[in-house]
Amino acid sequence: MRLKTQLNIAFTTLLIIVMGFTAITLYSQLKGLLVTNETRQLEESGQILLTAISGVDTIRADSLDTMLNNLDLKMFLYDEEAEEVTYTNLVRSDAERLAEKHDTSPTQKNTIWQENRNSYVVKSIETGENQNMVILRPIRELEVVQESFFQRIFLVFLIGVMIAILISTYLTQRLVKPLTELKYQLKKIQRREFDNIKSIKASGEIKEVEQSAIEMAKELNRYITSQRQFFQNASHELKTPLMTIQGYAEGIKDGVFTGKDQEHGLEVVVSEISRLKQLINEMILLAKLDSEEGIYKEESIEIKELVDLTIDRALPLASDKNVKLTYNKPAAIVINGDKEKLLRAMMNITSNAVRHAGSQVHISVQPSSIRQVEITISDDGPGISEDLLPNMFQRFVKGEGGETGLGLAISRAIVERHNGIIRAGKSDLGGASFTIIL
């Protein structure tokens with residue numbers, strides 16, 4: 001069943017339940033209200049009659065009948081002492097039976113009398129010593145009013161249902177239309193038509209879903225593009241050392257290289273195999289970082305210890321390059337994460353900084369907010385070109401003097417798996433600056 005139909009059914013059903021419950025409640029309460037109101041009116045009419053019959057000995061019965069007919073009332077006078085009906089415009093036998101069966105005193109609280117199939121609303125008024133005037137109204141007259149009122153309620157109920165259906169149809173149409181348009185945009189994402197995705201007119205949560213879908217499409221497009229570039233670059237990076245190894249191996253086999261040339265060829269083969277092994281290992285690591293959950297082992301890490309380990313491991317390379325390593329003394333900051341993986345990310349960035357530095361690499365650590373720490377690695381080298389900067393963390397993107405082009409991609413994967421941020425820019429020392437926020 002379509003969402004539009006479901007919403008219309010839900011709105012209509014809810015309205016029917018609410019209005020039905022209201023109608024039943026009103027209908028059940030109406031009779032009591034009518035009886036209460038009728039009792040009050042009978043008392044008012046009784047006072048008028050009481051004034052008229054104060055000299056009942058001189059009033060003719062036909063005059064009293066006319067008065068009662070004009071008031072549309074039934075009445076009988078009952079003598080409590082003689083226990084007889086002295087006057088009535090009812091059938092006398094009915095009046096006597098009612099007087100015998102019910103309490104006619106003004107103090108009686110029962111305002112409804114049942115007699116066979118007839119029911120009456122009753123009000124008793126004392127007219128003199130031992131004589132009461134009992135005024136009756138057939139309850140069927142009230143039921144006619146009740147039925148008339150119910151018919152009007154039912155008519156209002158039907159009109160309300162029709163209006164609710166129209167309103168719910170309009171509202172659900174406005175709600176479902178952007179969802180339908182969003183479905184078509186998601187189909188385009190499914191078909192990878194990323195350039196053909198259009199924004200839809202919506203608001204509230206639907207707009208948030210649409211924005212999330214567009215962001216997902218952009219990220220998916222970026223991922224597919226990066227994967228395509230990854231495979232192209234990977235095939236190129238793997239092909240180059242393999243061709244070198246193949247060339248020298250075939251040359252040695254065929255006797256083309258002899259003596260020192262053969263030794264040099266073997267050295268090149270070993271070097272290329274080592275580079276190829278490093279490349280494959282980094283590709284495997286990067287794949288694991290992206291896909292395997294159990295590869296990360298979380299523990300408490302002191303930032304000072306992480307920086308000290310980075311300095312210790314980068315110091316031999318810095319000494320060879322005559323580069324000075326400096327860092328500020330970080331405060332006692334503790335984070336949760338995989339120490340070995342974060343150390344790998346720090347080393348990739350620091351070793352790059354040392355290779356490209358002129359004479360100095362500086363590591364700075366400072367809190368960036370209550371729950372964040374910022375680690376910045378800066379050098380005084382030539383810096384990163386504007387063309388290279390946007391793609392600095394993509395796989396196989398290498399600057400001048402780069403090795404495999406996977407080091408920064410690995411660092412980004414590690415930092416992002418720790419819910420962190422890594423970015424590159426220009427440092428105060430004049431070279432490149434890499435900032436990790438954890």
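Preceding this section is the structure that the text describes.
To keep things clear, this report deals only with the structure shown in the data block.

The rules we used
- Residues numbered from 1 in each chain as written.
- Predicted model: local features only at pLDDT ≥ 70, side-chain atom pairs only at ≥ 80, totals over all residues.
- Heavy atoms only, no water.
- Axes fitted to C-alpha atoms, helices over the stretch in contact; angles between N-to-C directions.
- Helix = DSSP H or I, 4+ residues; strand = E, 2+ residues; numbered from the N terminus.
- Left-handed = near helix turned anticlockwise from the far one by under 90°.
- Contact = heavy atoms within 4.5 Å.
- Salt bridge = Lys/Arg side-chain N within 4 Å of Asp/Glu carboxyl O.
- Buried < 20%, exposed > 50% of the residue type's maximum accessible area, 1.4 Å probe, protein only.
- Pairing = 2+ DSSP bridges.

**With respect to the packing of helix 8 (residues 339-356) against helix 9 (residues 407-417)**
Line of reasoning, step 1. For the pair helix 8 and helix 9, the least separation of the axes is 9 Å and the interaxial angle reads 145°. The two elements helix 8 and helix 9 meet at a crossing, and its hand is left-handed. Contacts from K341, L342, R344, A345, N348, I349 and N352 of helix 8 reach helix 9 at G407, L408, I410, S411, I414 and V415.

**Overview of the pattern of salt bridges**
Line of reasoning, step 1. Applying the stated criterion across every chain, the model contains five salt bridges.
Line of reasoning, step 2. The partner of R191 in a salt bridge is E193, and the shortest N-O contact between them spans 3.0 Å.
Line of reasoning, step 3. For R191, a relative accessible area of 49% gives the class partly exposed.
Line of reasoning, step 4. D338 serves as the salt-bridge partner of K341, at 3.6 Å between the closest nitrogen and oxygen. Accessibility assignment for this pair places K341 and D338 in one class, buried.

**Details of the sheet that holds strand 4 (residues 118-128)**
Line of reasoning, step 1. If you trace the five strands from one edge of the open sheet to the other, you get 2-1-5-4-3, paired in antiparallel fashion. Edge positions in the sheet fall to strand 2 (84-88) and strand 3 (112-115), since each has one partner strand and no second. The average undirected angle you get between the axes of adjacent strands in this sheet is 35°.
Line of reasoning, step 2. Sheet topology note: the strand 1 (residues 74-79)/strand 2 ladder contains four bridges and is antiparallel. Along strand 2, the bridge assignment pairs D79 with E84.
Line of reasoning, step 3. The strands touched by helix 3 (residues 92-101) within the sheet are strand 1, strand 2, strand 3, strand 4 and strand 5 (131-138), with strand 2 carrying the most contacts at an inclination of about 135°.
Line of reasoning, step 4. Sheet strands in contact with helix 4 (residues 139-190) are strand 3, strand 4 and strand 5, and its direction is about 35° off that of strand 5.

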